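Structural features, examined
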Amino acid sequence: MAVTLFDTAATLAPLRDQLRAAIDGVLDSERFILGPQVASFEQELAAYCGAAYGVGVANGTDAITIALRAMGVGPGDEVIVPSFTFYASAEAIPPTGASPAFCDIDPHTYCMTAETVRAALTPRTKAVVVVHLFGNVAPVAEIEALGVPVLEESAGGRAGALGRAATFSFYPSKNLGCFGDGGMIVTSDEQVAEQARILRFHGSRDKVDYEQLGYNSRLDELQAAIMRVQLPHLQTWADGRREAGRHYEQAGLGELVGLPGPTAGAEPAWHLYVVSHPEPQRLEAALGAAGIGYKAYYRTPVHRQAPMAEWGAGLELPGTELAAARHLAIPMSPVLSRAQADEVVAAIARGIGKA
Ligand SMILES: Cc1ncc(COP(=O)(O)O)c(C=O)c1O
């Protein structure tokens, strides 16, 4: 049986009628930009996270740039960010005028720690982008205790009210995905929320007077309506992802490869299930032959990507290099069955000659 890396279609199948009705509702309303769907979804996601305000923007990358600027980051500042993450986590920093300062990760959890952040602190550090990678939860309180404001960057789960602000991407493969691009900033800081609202709207409150150089970066009504149908199911889906992780454990995956480690006290919502092996190419060959999805996300870490040379050249980040060389994402979704997990584990066993 073929097992896909994600299974968005099966996850959304029971909601098809509700999704169509929501889309029709927006067409009927003739409100497409910053209308009642966005306003309601902003409140609903903020409440889900335990925060006061949500500000919908065009994508997760803009969310980071706008949130950092709303937190007062600007030219001459440094923002600490991990190198083992999606490129956009760092790409979003230079447009604020600040420089990315790359930190290492714990290759067992794939997340940054207070120690790796401390090693990157300088007198110019203005903020830390704490990435909750793959649905794990990085230690925000310990990092904040170093005395720098935290912007959480979330790829899934209920994180989002731990730091000064948090950003979300609603890229379609995410735990809460829309049918295109979308993003949000969530915060309990009224000033950050107000600044983010102005920045996403050309630096204006009313499109008459302009206070700052801003952006046209808004979440669409259509996408907000689609996600309002999905949000009530997010917790059940996260439980399904955790259950899928247990299927892998019970099928004996941990005897074959390194399993992703939850951070202390966290219940990860496994956006991606990322294992490690010294020779991931052997896993790739066996999974490919069996028609099973897999993906190496970050073989070249961000600090070694060409446009980051100014800030990354010569840096030594051993945890990052280990994770980059060894990681491999295998199928994960809220509906992944034990039979599918068995199939994946059997293919991996064949790949490393332990079948
Ligand atoms: C960790 C991380 N940060 C940032 C982004 C960027 O989000 P977007 O594609 O919505 O701009 C993504 C996802 O694509 C991501 O995985």
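The preceding data block contains the structure.
Below you will find a few notes about this structure. (Residues numbered from 1 in each chain as written. Predicted model: local features only at pLDDT ≥ 70, side-chain atom pairs only at ≥ 80, totals over all residues. Heavy atoms only, no water.)

**Comments concerning helix α9 (residues 221–230)**
Selection criterion: Each residue is placed in one exposure class: buried if its accessible area under a 1.4 Å probe, protein chains only, is under 20% of its type's maximum, exposed if it is over 50%, and partly exposed if it falls in between. A run of H or I in DSSP becomes a helix once it reaches four residues, and a run of E becomes a strand once it reaches two; helices and strands are each numbered from the N terminus. Throughout, a contact is declared for two residues whenever any of their heavy atoms are within 4.5 Å.
The buried fraction of α9 is high, at eight of 10 residues. Burial in α9 covers these residues: Glu221, Gln223, Ala224, Ala225, Ile226, Met227, Val229 and Gln230. Lining the buried residues of α9 we find α1 (8–12), α2 (16–29), α3 (36–49) and α10 (234–250).

**Things to note about the site of the ligand**
Worth spelling out the cut-off: Nearness is defined per residue: one heavy atom within 4 Å of the molecule or strand is enough. Any pair of N or O atoms that falls within 3.5 Å is considered a polar contact. Within protein, one atom must be able to donate a hydrogen and the other to accept it, and sequence-neighbouring residues count only if both atoms are side-chain atoms. Only the protein chains shown count as covering a residue, and every accessible area follows the Shrake-Rupley method with a 1.4 Å probe.
For the ligand, the full set of nearby residues is Asn59, Gly60, Thr61, Thr85, Phe86, Ala88, Ser89, Glu153, Ser169, Tyr171, Lys174 and Gly182. In this structure, an oxygen atom belonging to the ligand sits 2.7 Å away from a main-chain N or O atom of Gly60. Contact distances for the ligand include 2.7 Å between an oxygen atom and a side-chain N or O atom of Lys174. Look at the ligand: alone it shows 390 Å² of surface, and the protein chains cover 89% of it.

**Some thoughts on the sheet that holds strand β5 (residues 150–154)**
Convention followed: Pairing between strands is defined by DSSP: at least two bridges between them are needed. For helices, the fitted axis covers only the stretch in contact; all axes are lines through C-alpha atoms, and the angles between them, taken along N-to-C directions, range from 0 to 180 degrees.
Pairing in this open sheet of seven strands is mixed, and the strands run β1-β7-β6-β5-β4-β2-β3 from one edge to the other. In this open sheet, the two strands that pair with only one neighbour each are β1 (53–57) and β3 (99–103). Averaged over all pairs of adjacent strands, the angle between strand axes in this sheet comes to 25°, irrespective of strand direction. Lying over the sheet, helix α4 (residues 60–70) contacts β1, β2 (78–82), β4 (125–132), β5, β6 (165–169) and β7 (183–187), oriented at roughly 165° with respect to β6. In the packing of helix α8 (residues 190–200) onto the sheet, contacts are made with β1, β6 and β7, and the angle to β1 comes to roughly 20°.

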